[in-house]
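Spelled out, the chains give:
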Protein chains: 2
Amino acid sequence: MSNKALDAAERLCRSRGLALTPVRKRVLELLLEANAPVKAYDLLAALRPGANAQPPTIYRALDFLTRAGLVHRVEALNAYTACLHAGGRGAAELYVCETCGLVEERHRKGVLPEGPGGFQVSRSVIEHYGRCAACASPAAKA
Amino acid sequence: MSNKALDAAERLCRSRGLALTPVRKRVLELLLEANAPVKAYDLLAALRPGANAQPPTIYRALDFLTRAGLVHRVEALNAYTACLHAGGRGAAELYVCETCGLVEERHRKGVLPEGPGGFQVSRSVIEHYGRCAACASPAAKA
DNA sequence: TCCGTTATGTTATACTGTTGCGTGGAGTGT
DNA sequence: ACACTCCACGCAACAGTATAACATAACGGA
Ligand SMILES: [Zn+2]
Ligand SMILES: [Zn+2]
Ligand SMILES: [Zn+2]
Ligand SMILES: [Zn+2]
């Protein structure tokens, strides 16, 4: 099902001379399957059966994947989520459902908001929390 | 100098029936003096001479201050900064200079960006990183 | 006074992330 | 084949961030 995204990631890495090693690929796979923010140590635990991974393993993999634009860090949750538009340009804008964990995402291709008084923005963190359409619908009322 | 902001905070709390206790007030004072994001344990250390504060003390104070709208958490830095528009409505948008630490701030009073497909946003985290006007000016070139 | 509520102290622990060093495999030139 | 370099990864230890759980204190109203 999500093999499509995995394959796309593999092609993207190859085209840029980046090594999508087994560990990195597996981490990305786990994130794609989750379709929600996942914590580093949860990924680590998921990696355990089969390998004896330690914290640096997972953080290195996540660092690689975020640099490659395949994964976003969700700052307010200390968690990570697979990018839904792998390699997309511009700052990612995340919409995280606090009820079901679903993450939607946009990449702002346009110019970033300019700061007040000549502030030069080089990186933006934009995260919105609330309820996705499904969880907000009448049928899902508390 | 920043007693003005402190007094404003005190009035704001009184008008809302919130208790700006000595610990909370001192923490806010430290943040106002810093005019930059400060880490919880640094605040804790600054609190030490005179009291023997433990981690929960500082986290409880910060929790109170953020709820009261007097302090913002800087998610991507695990740090905290005094609100420059105490009690301002709407989501705060922070501009953090990575060179000198200066924080500028806007509160978006208008409607938050609406999410894709009916996503209902209840809280937004918006942080921009870069260089402030002073650090970006020719005189400050690396 | 008695009691409910809120704020703080205290101890311990959980969670998140990093440093430093060694090893081993893939490439590359000889 | 050999030596060499680079880089990913294993591994151990540790640093930094945050919370749980329980006890104490302080205030105000019944
Ligand atoms: Zn993305
Ligand atoms: Zn949802
Ligand atoms: Zn503010
Ligand atoms: Zn600056």
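Basis of the calculations
Residues numbered from 1 in each chain as written. Chains lettered and ligands numbered in written order. Predicted model: local features only at pLDDT ≥ 70, side-chain atom pairs only at ≥ 80, totals over all residues. Heavy atoms only, no water. Helix = DSSP H or I, 4+ residues; strand = E, 2+ residues; numbered from the N terminus. Buried < 20%, exposed > 50% of the residue type's maximum accessible area, 1.4 Å probe, protein only. Contact = heavy atoms within 4.5 Å. Buried area = accessible area lost by both parts, 1.4 Å probe. Salt bridge = Lys/Arg side-chain N within 4 Å of Asp/Glu carboxyl O. Polar contact = N/O pair within 3.5 Å; in protein donor to acceptor, adjacent residues only side chain to side chain. Nonpolar A, V, L, I, M, F, W, Y, C, P; charged D, E, K, R; others polar. Pairing = 2+ DSSP bridges. Donors = N, O, S within 2.8 Å, 3.2 Å for Na, K, Ca; no water. Near = heavy atom within 4 Å.

Peer 1: Looking at this model, I keep getting lost on the overall build of chain A. Mind explaining?
Peer 2: For chain A, the helix and strand inventory stands at five helices and six strands. Starting at the N terminus and walking to the C terminus, you meet the elements of chain A as α-α-β-α-α-β-β-β-β-β-α. Along the longest, intermediate and shortest principal axes, the C-alpha atoms of chain A span 45 × 45 × 30 Å. Counting over 142 residues, chain A shows a buried share of 42%.

Peer 1: What exactly am I supposed to notice about the interface of chain B and chain A here?
Peer 2: Where the parts come together, the accessible area they lose is often given as the size of the interface. Each side of the interface is counted separately: chain B has 32 residues, and chain A has 32 residues. Summed over both sides, the interface of chain B with chain A buries roughly 2,600 Å², with 53% coming from carbon and sulfur. Linking chain B with chain A are zero salt bridges, by the criterion used here. Summed over the shared surface of chain B and chain A, the result is 10 residue pairs in polar contact (both at pLDDT 80 or more). Within the residue set of the side of chain B that touches chain A, elements represented by two or more residues are β4 (91–97), β5 (103–108), β6 (120–131) and α5 (133–136) of chain B. Broken down by element, the residue count for the side of chain B that touches chain A peaks at 12 residues, all from β6 of chain B. A per-class count over the side of chain B that touches chain A returns 14 nonpolar, nine polar and nine charged. Bridge count between strand β6 (residues 120–131) of chain A and β6 of chain B: 11 bridges; the pairing is antiparallel.

Peer 1: Help me understand the coordination of the zinc ion (ligand 2) in this model?
Peer 2: Here the zinc ion (ligand 2) is held by Cys97 of chain A (SG), Cys100 of chain A (SG), Cys132 of chain A (SG) and Cys135 of chain A (SG), and the distances to it run 2.2 to 2.4 Å. Site description for the zinc ion (ligand 2): donor spacing in sequence, C-x2-C-x31-C-x2-C.

Peer 1: Quick question: what am I supposed to make of the protein's contact with DNA strand D here?
Peer 2: As a matter of local geometry, DNA strand D sits amid 15 residues, with Thr21 and Arg60 of chain A together with Lys39, Tyr41 and Arg73 of chain B nearest to it. Put simply, 48% of the atoms of DNA strand D that lie within 4 Å of the protein are in sugar or phosphate. Residue assignment for the surface near DNA strand D shows that the elements contributing at least two residues are α2 (22–34) and α4 (55–67) of chain A together with α4 (55–67) of chain B. By residue class, the composition of the surface near DNA strand D is seven nonpolar, four polar and four charged.

Spatial relationships are all this shows, so hold off on functional conclusions.
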